[in-house]
Structures are given as C-alpha cells and as structure tokens.
Amino acid sequence: MKDLVESRERLKGIFNITVTPFTADGEIDFDGLCRNVERVITLGYDGILIGGTYGEFPTLTVAERAAIFRRVMDAVNDRVPVMLCSAGSDPRAVKELTALAGELGGLPMVTPPFVSEVTDEQIVSFFKQMAPLSRTGILVYNAPGIGITLAPALLEQLADIPQVVGIKQGDLNPTVIDQLANRLSGRLRLFCASDLAFLGPMMCGFDGISSTNSGALPELILAAYRALERGDAHTARDLHRLWYGYRGLARRFGQPQLVKAAMNLRGFDGGHVRSPLIDVAEPVIAQLQEELTRLAADSRGGVVLKN
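Just so it is clear, the structure is predicted and the values come from calculations on it, not from any experiment.

### Notes on the packing of aromatic side chains
Tallying each qualifying case throughout the model produces four aromatic pairs. Residues Phe15 and Phe191 carry aromatic rings whose centres are separated by 5.1 Å and whose planes lie at 90° to one another, so their mutual orientation is edge-to-face. In this pair, Phe15 sits in strand S1 (residues 13-18) while Phe191 sits in strand S7 (residues 189-192), placing the two residues 176 residues apart along the sequence. Phe15 sits in the buried class, given a relative accessible area of 0%. Accessibility expressed as a relative area gives 0% for Phe191, which makes it buried. Residue placement shows Arg39 over the ring face of Phe268; its charged tip is 3.7 Å from the ring centre.

Structure, rendered in structure tokens:
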C-alpha cells in the first residue's frame, strides 16, 4: 500500500483528465473508458484523473463512481499515479469515496463542501476530517467553477494538514498563482487545473497540470508540456498557440461536450454526455471538424486524424 511520501513524490507532470464516456442511453461505457486510459498511458502521460468535474461526477451515483474507481485502478495496474475525484455535496459520500480511493492506491481529490454560507473554519474542519481517511493522502481541489473559491490564505491553512499532499488550483489569477508558487512550493505539489492557460503557472514553478482537452488532442498537448518541461518555452508557446481556435470552441460550447465530440471525430471513445448536459449540435461538430483538419495539416502539432 502506498504511503503519503510515495503518493506525494509521484504527483507531478501532465495528467490526463479522462472523460467518462456514456452511451446514448446514459450508461457508462467502461470498455471505452479503459481504452481512453490506455491511450494516454501509452503516449507517455505521467498520470490520469478519473471522475472529475469533466468526468461529470455530479451526474454519477456513489455506486457508479466506486465502480469506475475499481475498474480504472485495475486497468492501470499501478503503471501511473491516478487521481480519483471523491468530491461531493454530501460529506457521507465524500468519506466513502475518499476511503475507497486510498484503499485502491489512488489519490482522492476533494473539493470544499458545497454548502451555503460555510465559513473558512468549517472548511478547514471538513478537510481535517477527510484527509486521514485516505492512506495515500488527499489532493485539495480549488474549483471556482463548481463551488467555493479558496483564497491563498485558506489554502495555506489546508497545506498545514499533514495528509494533504497537493493542491489542484483552478483559480488562475496571476497574482494568486504567484502567491501560491512562492509560498507553498516545496511544501506540497501544486497542479494547474486548466490546460487552457497552463504556461503561466508552470513558468511560476507549479509541479504539473491536469488536462481535459488532451482527451481530444493528446499528442499536441503532451508535446507542448514536454517542451516547457525541458525549458523550451518558445516551442511550448508556439504549440499552445496552435490550438487557440479549438480552445475558443471549448470555452464557448463547454467541456466535456466539445472534448467528447472531438474524440468521436478522431475515432476515440468520447461517447455522449449525461443529462443535464447536451451533446453539441451538428453545426458545432462541423466547426470542430474544420479545426481538427487544420491542426492535422500542421506537422508541428503531431496530430493525425483517424478516418
């Protein structure tokens, strides 16, 4: 069983945020999910994140999430570290999934509780309750888009909890990133939660990124990250610029909807989104196809579309 030290040491690099493929009837496509995991591991991704925000965890039951955890951890077989999102609005579910994630050898990713008018003191208490449940520690997910935005001062308090091994930071305000990189670096792992704008946090000293769009453009985003990792900022910048048009579509029509559509166009197992989300419409798919075709024509991106 992994301990806290090993869990922290493995927590670095580029992690694919693996979308959860659903059938047209809303069932989980477990085989497709495992194929998507295998693809990014084979390409050389440093880790994966399962059942996160763009894995549509709020639409999944606790039993479904537990089944996904078990299936993926069995498929990965400890080849790469795995973040397992155990976030939720019901602390009982968070406790159950956090303990399970740690037992399976994954790293539970926990958000603040989704409760109106919760105080900083109550948030700290919540994480102190959750953190010891996992033998591998926990990853604090600061996700402004789905709940409470944790201020740098509060994140510093959470960093003092012994079982907290990292922070996945979704608030990418440059001042906040600067504060975290200079005050928390070395104490725990810092992850940029968005591949839409990861160059800044990485240049400031973050330890890694989690990437949803790497489900659709795994080669290109990996190449950009590796360039930055080896100190070639010019190449990283140029590669990141290549998919600016795609990012515009993603921001406009939403992730994971666009990611899944792009994966399907490439012959990957994107599947469908689950209600209340709605799959992107045909006119959007046509725009997306044009963008993928443009990327495929640029050899710098290393993107090859499947017929």
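### Comments concerning empty space enclosed by the protein
Under the counting rule described, the total for this entry stands at three cavities of 30 Å³ or more. In this structure, the largest cavity spans a volume of roughly 90 Å³. Of all the secondary-structure elements, those providing two or more residues to the lining of the largest cavity are helix H1 (4-10) and strand S3 (82-85).

### Some thoughts on the pattern of salt bridges
Going through the model one piece at a time under the given rule, you end up with 17 salt bridges. Note that Glu56 is salt-bridged to Lys260, the shortest N-O span being 2.7 Å. Taken together, the residues Glu56 in the loop between strand S2 (47-50) and helix H3 (62-76) and Lys260 in helix H12 (residues 257-265) connect sequence positions 204 residues apart. Grouping residues by exposure puts Glu56 and Lys260 together as buried. A salt bridge links Arg237 to Asp238; the shortest N-O distance between them is 3.2 Å. Judged by relative accessible area, Asp238 falls into the partly exposed class, the value being 29%. Salt bridges sharing common partners tie together Arg8, Glu9, Arg189 and Asp207.

Rules of the game
Residues numbered from 1 in each chain as written. Predicted model: local features only at pLDDT ≥ 70, side-chain atom pairs only at ≥ 80, totals over all residues. Heavy atoms only, no water. Phe/Tyr/Trp six-rings, centres within 6.5 Å; stacked < 30°, edge-to-face > 60°. Helix = DSSP H or I, 4+ residues; strand = E, 2+ residues; numbered from the N terminus. Buried < 20%, exposed > 50% of the residue type's maximum accessible area, 1.4 Å probe, protein only. Lys NZ or Arg CZ within 6 Å of the ring centre and 35° of its normal. 1 Å grid on protein atoms, 1.4 Å probe; cavity = no way out; pocket = protein on both sides within 12 Å on 5 of 7 lines; lining within 4 Å. Points joined across faces, edges and corners; volume = space filled by probe spheres on them. Salt bridge = Lys/Arg side-chain N within 4 Å of Asp/Glu carboxyl O.

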